Amino acid sequence: MAPSGSRGIKWGCWRVLYWIPVLFIALIVAWSYYAYVLQLCIESIEDTGEKVVYLLVYHVIFIMFVWAYWQTIFTKPMNPLKEFHLSFSDKELLEREDRGESQQEILRRIAKDLPIYTRTNSGAIRFCDRCQLLKPDRCHHCSVCDKCILKMDHHCPWVNNCVGFSNYKFFMLFLLYSLLYCLFITATDLKYFIKFWTAGGRAHFRLREYLNGLPDTQAKFHILFLFFSASMFSVSLASLFTYHCWLVCKNRSTLEAVRAPVFRHGTDKNGFSLGFSKNFRQVFGDEVKYWPIPVFSSLGDGCSFPACLVNLDPEQPSSPTGSNPASKAAADARQFPSKPLRESQSRLLTSTPSWTESDNAADKDKKGASNPGMTIENEA
């Protein structure tokens with residue numbers, strides 16, 4: 001009992017330490033609120049109209065930023081459904097087998113009725129020993145959470161949570177509103193930062209002489225530090241937000257950008273990409289009114305995803321390495337889960353024709369125009 005008790009205490013201490021980055025962000029945000037609202041708007045800005053406008057816009061962005069951050073932190077990551085977990089009999093059967101090939105035969109039999117199309121680099125069924133389940137497509141095991149997370153992007157220490165299918169939209173909105181928050185503070189604080197900076201009327205700007213030349217108010221420090229901190233956070237947030245926008249456009253997670261998913265026919269880094277519009281709607285949903293609001297509106301169930309296994313990226317070969325004619329034929333067709341998709345997810349596939357369908361129709365029309373007899377003969 002003692003070892004398990006000590007492990008529990010150690011794990012509890014680690015859980016407390018994991019909240020330190022979140023506490024740091026919370027303190028920074030609380031200070032920025034005090035510095036902007038009280039020290040800048042109320043104490044330093046004399047124009048009433050300007051003060052009211054700044055406060056109104058600031059509080060709208062602040063509320064959306066805090067709301068999105070809260071949702072990112074406290075939305076529990078979604079785990080695979082029960083049908084992906086091994087039954088008690090399957091666990092016993094798997095434990096009795098010592099050889100890897102025999103275990104793979106058992107896993108292939110179980111996975112036959114599941115919408116699983118990705119494999120390991122060696123072509124084996126993706127199986128989690130810790131959770132005792134077959135991993136759905138785009139699902140990965142998080143070592144920090146010690147769980148398998150659906151469409152796992154990464155584990156973020158700044159939110160003390162895994163970013164995945166259930167909260168990826170919230171994470172994107174958190175990055176967006178935090179960037180707008182910092183940019184708004186930087187833009188509105190700039191004029192008063194320059195005013196205080198030049199208030200001493202000195203040619204050189206050493207910090208001690210600068211502070212001595214300012215009026216004796218608390219605002220001189222807060223406005224100075226507020227501008228520097230907001231501008232520095234803007235640069236880092238802009239780069240991170242731009243990167244994740246690129247991932248959304250490509251329909252990739254951070255893990256998939258580092259290591260491309262492996263399908264039955266081979267590796268394809270664009271295997272889940274359905275085009276910009278459908279990729280965006282998979283994360284933010286069909287209804288535009290919900291896009292800017294931190295409420296869940298993503299499409300699908302997180303366990304199965306429509307895939308287009310045709311590669312248009314010039315950086316990648318046109319056909320996967322080591323593919324045979326059968327796998328090449330499979331790559332030319334869109335692969336969909338065998339089980340019915342949720343209605344919202346099915347609309348991704350039926351709302352507009354895919355580029356492959358359009359190209360095939362165009363090729364067929366061209367052939368028909370050049371040789372009508374051949375077309376009639378083929379149709380007959």
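Predicted model only: the values in this text are computed from it and were never measured. (Residues numbered from 1 in each chain as written. Predicted model: local features only at pLDDT ≥ 70, side-chain atom pairs only at ≥ 80, totals over all residues. Heavy atoms only, no water.)

Novice: Give me the lowdown on the packing of helix α2 (residues 20-42) against helix α6 (residues 168-197), citing residues and values where you can.
Specialist: Two elements in contact, α2 and α6, have axes separated by 12 Å at closest approach and are oriented at 35 degrees. In the crossing of α2 with α6, the sense of the turn from one axis to the other is left-handed. Where α2 approaches α6, its residues Val 29, Ser 32, Tyr 33, Tyr 36 and Leu 40 are matched on the opposing element by Tyr 181, Phe 184, Ile 185, Thr 188, Asp 189 and Tyr 192. In terms of residue class, the contact of α2 with α6 is made up of eight nonpolar, two polar and one charged. (Axes fitted to C-alpha atoms, helices over the stretch in contact; angles between N-to-C directions. Helix = DSSP H or I, 4+ residues; strand = E, 2+ residues; numbered from the N terminus. Left-handed = near helix turned anticlockwise from the far one by under 90°. Contact = heavy atoms within 4.5 Å. Nonpolar A, V, L, I, M, F, W, Y, C, P; charged D, E, K, R; others polar.)

Novice: Break down the sheet that holds strand β8 (residues 262-263) for me, citing the residues and quoting the values.
Specialist: Ordered by their spatial adjacency, three strands build an open sheet running β1-β8-β9, and the pairing between neighbours is antiparallel. Each of the sheet's edge strands pairs with one partner strand only, and the pair in question is β1 (118-119) and β9 (266-267). When β1 meets β8, the two strands line up antiparallel, connected through two bridges. Considered in β8, the bridge of Thr 118 is made with Phe 263. (Pairing = 2+ DSSP bridges.)

Novice: I'd like to hear about the packing of aromatic side chains, residue by residue, with values.
Specialist: According to the stated counting rule, one finds 30 aromatic pairs in the structure shown. Ring geometry for Phe 65 versus Phe 174: centroids 6.0 Å apart, planes at 20 degrees, classification stacked. One end of the pair, Phe 65, is in helix α3 (residues 48-74); the other, Phe 174, is in helix α6, with 109 residues separating them in the sequence. Taken individually, Phe 65 and Phe 174 each receive the classification buried, so the pair is uniform in this respect. Between Phe 263 and Phe 272, the ring centres sit 5.2 Å apart and the planes meet at 55 degrees, which makes this aromatic pair tilted. Each member of the aromatic cluster is reached from another via a ring pair, and the members are Tyr 33, Tyr 36, Tyr 54, Tyr 58, Phe 62, Phe 65, Tyr 69, Tyr 168, Phe 171, Phe 174, Tyr 181 and Phe 184. The ring of Phe 272 has Arg 138 sitting right over it, with the charged end atom 4.4 Å from the ring centre. Geometry around Phe 305 places Arg 138 over its ring, the cationic atom sitting 5.0 Å from the centre. (Phe/Tyr/Trp six-rings, centres within 6.5 Å; stacked < 30°, edge-to-face > 60°. Buried < 20%, exposed > 50% of the residue type's maximum accessible area, 1.4 Å probe, protein only. Lys NZ or Arg CZ within 6 Å of the ring centre and 35° of its normal.)

These results come straight from atomic positions and should not be treated as a statement about function.
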